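Residue strings, one per chain:
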Amino acid sequence: MQIHVYDTYVKAKDGHTMHFDVFTAVKDDQKAVEYAKQWLTSIGESTAVVTSRECSFCHSQSAPPNVTDEITKNGFYIYKMEGC
């Protein structure tokens with residue numbers, strides 16, 4: 001599966017920066033922002049500001065099976081990097 005990677009940086013409630021990627025099957029900037037918001041809400045960070053400025057398209061690549069399975073099931077996959 002070819003996926004699209006959206007590089008995302010947001011401020012958490014306590015002020016630290018969270019850096020993560022949103023992986024999607026469809027290159028759609030607005031959907032990526034919605035997925036980022038959905039995930040942030042699920043971890044208690046619903047007040048974090050996420051727009052296309054904080055969540056921007058980076059590149060496309062192939063995905064390993066675990067990522068593909070998650071995208072098929074939920075529409076997206078979050079790859080956590082710094083501060084998550």
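Definitions and cut-offs
Along every chain, residues carry numbers that run from 1 in the direction the sequence is written. In keeping with the model being predicted, local features are shown solely for residues with a pLDDT of at least 70 and side-chain atom pairs are shown and tallied solely at 80 or more, while totals for entire chains, interfaces and linings include all residues. As a convention, hydrogens and water are excluded, and side-chain values are obtained from all of the structure's heavy atoms. Working definition: helices are DSSP H or I runs of at least four residues, strands are E runs of at least two. Numbering for both runs from the N terminus. Buried, partly exposed and exposed residues are distinguished by accessible area as a fraction of the type maximum, computed with a 1.4 Å probe on protein chains only: under 20%, between the cut-offs, and over 50%, respectively. A carboxyl oxygen of Asp or Glu within 4 Å of a side-chain nitrogen of Lys or Arg is what we treat as a salt bridge. A pair of strands is considered paired only if DSSP assigns at least 2 bridges between the two. Think of each axis as a best-fit line through the C-alpha atoms, taken over the contacting stretch in the case of a helix, with angles from 0 to 180 degrees between the N-to-C directions. Only heavy atoms enter the contact rule, under which two residues are in contact if any of them lie within 4.5 Å. Asp and Glu are treated as the negative residues and Lys and Arg as the positive ones, with His and the ends of the chain left uncounted. Counting of polar contacts relies on pairs of N or O atoms within 3.5 Å, with two restrictions inside protein: one atom must be capable of donating a hydrogen and the other of accepting it, and residues adjacent in sequence are counted only when both atoms are side-chain atoms. For our purposes a nonpolar core is just a set of buried Ala, Val, Leu, Ile, Met, Phe, Trp, Tyr and Cys residues, chained together by side-chain atoms within 4.5 Å.

Asker: Which parts of the structure should I look at to understand the environment of serine 56?
Answerer: Following the sequence through the fold, serine 56 ends up in strand S3 (residues 55-62). A relative accessible area of 32% means that serine 56 is categorised as partly exposed. Each C-alpha atom, one on serine 56 and one on aspartate 7, is 5.5 Å from the other, the two residues being 49 residues apart in sequence.

Asker: Help me understand the pattern of salt bridges, please; the structure alone is not making it clear to me.
Answerer: Pairing between side chains becomes possible if they bear opposite charge and their charged atoms approach one another. Within the structure shown, the criterion is met by one salt bridge. Residue glutamate 34 is joined to lysine 31 by a salt bridge in which the shortest nitrogen-to-oxygen separation is 3.8 Å. Taken together, the residues span about one helical turn, with glutamate 34 and lysine 31 both in helix H1 (residues 29-42) at a distance of three residues.

Asker: Please clarify how the sheet that holds strand S4 (residues 76-82) should be interpreted in this entry.
Answerer: Backbone hydrogen bonds hold the strands of a sheet together, and the pairing may be parallel or antiparallel. The four strands are arranged S3-S1-S2-S4 in an open sheet whose pairing can be described as antiparallel. Edge positions in the open sheet fall to S3 and S4, since each of these has one partner strand only. The sheet shows a mean angle of 25° between the axes of neighbouring strands, direction not considered. In this structure, strand S1 (residues 2-11) lies alongside S3, joined through seven bridges in antiparallel fashion. Among the inter-strand pairings, glutamine 2 is bridged to a residue of S3, identified as serine 62. Those strands touched by helix H2 (residues 65-74) are S1, strand S2 (17-24) and S4, and its axis lies near 125° from that of S4.

Asker: How do you make sense of the side chain of glutamate 54 when you look at a structure like this?
Answerer: With respect to the helices and strands, glutamate 54 occurs in the loop between H1 and S3. This buried residue, glutamate 54, is left without a salt bridge; arginine 53 holds the nearest opposite charge, at 5.1 Å. Polar side-chain contacts of glutamate 54 include one of 2.5 Å to the side chain of threonine 51. Apart from residues lying up to four places away in sequence, glutamate 54 is in contact with Asp7, Thr8, Tyr9, Val10 and Val49.

Asker: What is the right way to look at the nonpolar core in this model?
Answerer: Generally speaking, a soluble globular protein has its nonpolar side chains buried in company with each other. The biggest cluster of nonpolar side chains holds 17 residues, and the ones touching the most others in it are Val10, Phe20, Val22, Trp39, Leu40, Val50 and Cys55. Contributions of two or more residues to this core are made by S1, S2, H1 and S4. For tryptophan 39, the residues in contact, after removing those within four places along its chain, are Met18, Phe20, Phe76, Ile78, Lys80 and Cys84. In this structure, Ile3, Val5, Ala63 and Ile71 belong to the second largest nonpolar core, which totals six residues.

Asker: I tried to follow the pairing of S1 on my own but got confused; where do I start?
Answerer: Two faces, one strand: in a regular strand the side chains alternate between the faces of the sheet. Where S1 meets S2, eight bridges bridge the pair, whose relative direction is antiparallel. Considered in S2, the bridge of tyrosine 9 is made with histidine 19. Counting the residues that bridge the hairpin from S1 to S2 gives five residues, and of these glycine 15 lies at a positive phi of roughly 95°.

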